[in-house]
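Examination of the molecular architecture
Here is how the chains run, residue by residue.
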Amino acid sequence: MKTEHNLKKKEITSNQNTSYRNFPMVPRVVFGQGSFNQLGDVLLPKRHNSEAPFIFLIDDFFEGKELVGRIPLLFNDEVIFISAEEEPKTEQVDALVTRIRETFEEPPSGIIGIGGGTLLDLAKAVAILLNNKGKAQDYQGWDLVSKPSLYHVGIPTISGTGAEVSRTTVLLGPEKKLGINSDFTTYDQVILDPDLTNTVPKEQWFYTGMDCFIHCIESLNGTYLNAFSQSYGEKALELCKEVFLEDISVTESRDKLMMASWHGGMSIAYSQVGIAHAMSYGLSYLLGIKHGIGNCLVFQHLEEFYPEGVQLFYRMIEKHKIHLPQGVCANLTQNDFDILVSVALGMEALWENALGKDWKDIMTAERLQEIYQKI
């Protein structure tokens, strides 16, 4: 009895004196070459009945390809092919939710996202909106979702975004690019099959891998850093160095980059990203530049803030003979720059992580525009 009393007292004291976030993690994950073949076994216990379908949102790159034939369709399950040429939008989420509600009499048994960050974020957002009222833009922000999402499964076919493990789904809205950050966003199940990444073009492989690398640099150099974030960030950075700077086999590279993406996504659970991501959001919102390449375009000019990281980045670019686009912001008007700056500076948590609580004194609108003008 005495021990039980002490435990209860300790728990109460802890609850009164702490304010730590209780972050969710993906509760179930399968990893391994060929593990995609286990998808049917994973989904079967989650099927409500023959009238409640699984909806598969898949990158249209795979339309007509072998992977689609391996999807374990039953009853009235539906495959929806979606282009990943543009980043996911709030209105796109709303349209998918409306389509699903109007097509099926019963709510789906679950949503499965198969693709890169765009498809993984879309699937997370659709799963949320199918169980919550209103529009996707209503939930852009932090902890605005009130009800649990529909059961959802993430299957990445490219490595680097960390979308498979994060508690956010980043969407382009009518007024801003911002994530639905909530405890209900995280996937219920993830399947990590490195074989699915063997069709990724080299430049896309590099840009998306750099998203992970830059995650690590920004997290490890941020003011929000703690031992939890650091442990994941250091492991992800170590794996990125092996993949992009050492000569390892293709198979080993796929395995390690997939795990780097996982650790990189986890590294910002108790931390945040930084300047490159904030500025990339501006490029995406105004110019439609995809996230991975946007990060690279910005990061090359951030040596003042991340000296060691930028030096490593240049070594990686040289090793893999990557040529970044030039003059992206060369013909922009002052109004364009005002939009870029406004969107970027709106990501306050990212700036505070990068530069501290006095970040507004350090990164003025004029200074930020000067960096954009170099791109």
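Parameters at a glance
- Residues numbered from 1 in each chain as written.
- Predicted model: local features only at pLDDT ≥ 70, side-chain atom pairs only at ≥ 80, totals over all residues.
- Heavy atoms only, no water.
- Patch = residues over 30% accessible without salt bridge, like charges linked within 9 Å, V, L, I, M, F, W, Y side chains within 5 Å.
- Areas by Shrake-Rupley, 256 points an atom, 1.4 Å probe, with all protein chains shown as cover.
- Salt bridge = Lys/Arg side-chain N within 4 Å of Asp/Glu carboxyl O.
- Helix = DSSP H or I, 4+ residues; strand = E, 2+ residues; numbered from the N terminus.
- Buried < 20%, exposed > 50% of the residue type's maximum accessible area, 1.4 Å probe, protein only.
- Phe/Tyr/Trp six-rings, centres within 6.5 Å; stacked < 30°, edge-to-face > 60°.
- Lys NZ or Arg CZ within 6 Å of the ring centre and 35° of its normal.
- Pairing = 2+ DSSP bridges.
- Axes fitted to C-alpha atoms, helices over the stretch in contact; angles between N-to-C directions.
- Contact = heavy atoms within 4.5 Å.
- pLDDT = per-residue confidence, 0-100.
- 1 Å grid on protein atoms, 1.4 Å probe; cavity = no way out; pocket = protein on both sides within 12 Å on 5 of 7 lines; lining within 4 Å.
- Points joined across faces, edges and corners; volume = space filled by probe spheres on them.
- Nonpolar A, V, L, I, M, F, W, Y, C, P; charged D, E, K, R; others polar.
- Parallel < 35°, antiparallel > 145°, perpendicular 65-115°, else oblique.

1. Considerations on a nonpolar patch on the surface
On the surface, L44, L74 and F75 cluster together into a nonpolar patch covering about 330 Å² of accessible area. Structurally, L44 can be placed in the loop between α2 (39-43) and β2 (54-59). Taking the relative accessible area as the measure of exposure, L44 reaches 53% and is therefore exposed.

2. A short note on the packing of aromatic side chains
Any pair of aromatic rings gets described here by the distance separating the centres and the angle formed by the planes. For the structure shown, the criterion picks out 12 aromatic pairs. Residues W205 and F244 carry aromatic rings whose centres are separated by 4.8 Å and whose planes lie at 40 degrees to one another, so their mutual orientation is tilted. Pair noted here: W205 is in helix α6 (residues 202-220) and F244 is in helix α7 (residues 227-245), with a separation of 39 residues, a long-range link. Taking relative accessible area as the criterion, F244 reaches 0% and is therefore assigned buried. Look at F299 and Y306: their rings are 5.9 Å apart centre to centre, the planes differ by 25 degrees, and that puts the pair in the stacked class. Exposure remark for F299: the relative accessible area of 0% places this residue in the buried category. Through a chain of ring-to-ring contacts, the aromatic side chains of F213, F299, Y306, F313 and Y314 assemble into a single cluster. A cation over a ring is seen here: K65 above F61, with NZ or CZ 4.4 Å from the ring centre.

3. Looking at the sheet that holds strand β3 (residues 78-82)
As summarised here, the arrangement of the 6 strands in space is β1-β9-β6-β4-β2-β3, forming an open sheet in which the pairing is parallel. Of all the strands in the sheet, just β1 (28-31) and β3 have a single pairing partner and so form its edges. Adjacent strand axes in the sheet meet at a mean angle of 15 degrees when their direction is disregarded. Strand direction decides the pairing type here: β2 and strand β4 (residues 110-115), joined by 5 bridges, are parallel. Directly across from I55, in β4, lies its bridge partner I111. Here helix α4 (residues 90-103) sits on the sheet in contact with β2, β3 and β4, set at roughly 160 degrees to β3.

4. Thoughts on the confidence of the model for the protein chain
Put simply, the protein chain has an average pLDDT of 94, and 95% of its residues get 70 or more. Predicted confidence is poor over residues 1-15, with pLDDT under 50, and the contacts of this stretch with residues over four places away or in other chains come to 0 contacts.

5. Section: the sheet that holds strand β7 (residues 170-172)
Where strands meet in a sheet, backbone hydrogen bonds hold them as pairs that are either parallel or antiparallel. One open sheet holds the 3 strands; their spatial order is β5-β8-β7, and the pairing between them is mixed. Whereas interior strands pair on both sides, the edge strands pair on one side only; in this sheet they are β5 (141-142) and β7. By the bridge criterion, 3 bridges tie β7 to strand β8 (residues 177-181) in an arrangement that is antiparallel. From the neighbouring strand, L172 faces β8, where its bridge partner is K177.

6. Details of the pattern of salt bridges
Inspection of every chain in the model, using the stated rule, returns 15 salt bridges. Between E252 and K256 there is a salt bridge; the shortest N-O distance is 2.9 Å. On the criterion of helical spacing, the pair formed by E252 and K256 is a turn pair, its members being 4 residues apart in helix α8 (residues 250-267). Across the salt bridge formed by R367 and E304, the nearest N and O atoms sit 2.2 Å from each other. Here E304 lies in the loop between α10 (291-299) and α11 (307-319) and R367 lies in helix α15 (residues 365-374), a separation of 63 residues in the sequence. With relative accessibility at 58%, the residue E304 sits in the exposed group.

7. Topic: the layout of surface pockets
Roughly 360 Å³ of volume is contained in the second largest pocket. Taken together, 19 residues form the lining of the second largest pocket, with W205, V243, V250, S253 and R254 sitting closest to its centre. If you list the elements that add at least two residues to the lining of the second largest pocket, you get α6 and α8. In terms of residues, the lining of the second largest pocket owes the most to one element, α8, which gives 4 residues. Counted by class, the lining of the second largest pocket contains 8 nonpolar, 6 polar and 5 charged residues.

8. A short note on the packing of α6 against helix α9 (residues 275-287)
Across the interface, α6 lies against α9 with an axial gap of 9 Å and an inter-helix angle of 130 degrees. With respect to α9, the axis of α6 lies oblique. Between α6 and α9, the residues in contact are D211, I214, H215 and E218 and I275, A276 and H277, respectively. The class makeup of the residues in the contact of α6 with α9 is 3 nonpolar, 2 polar and 2 charged.

9. A few points about unusual backbone geometry
With phi around 50 degrees, F75 is a residue other than glycine that occupies positive phi space. Within the fold, F75 resides in the loop between α3 (66-69) and β3. One non-glycine residue, D143, adopts positive backbone phi at about 60 degrees.

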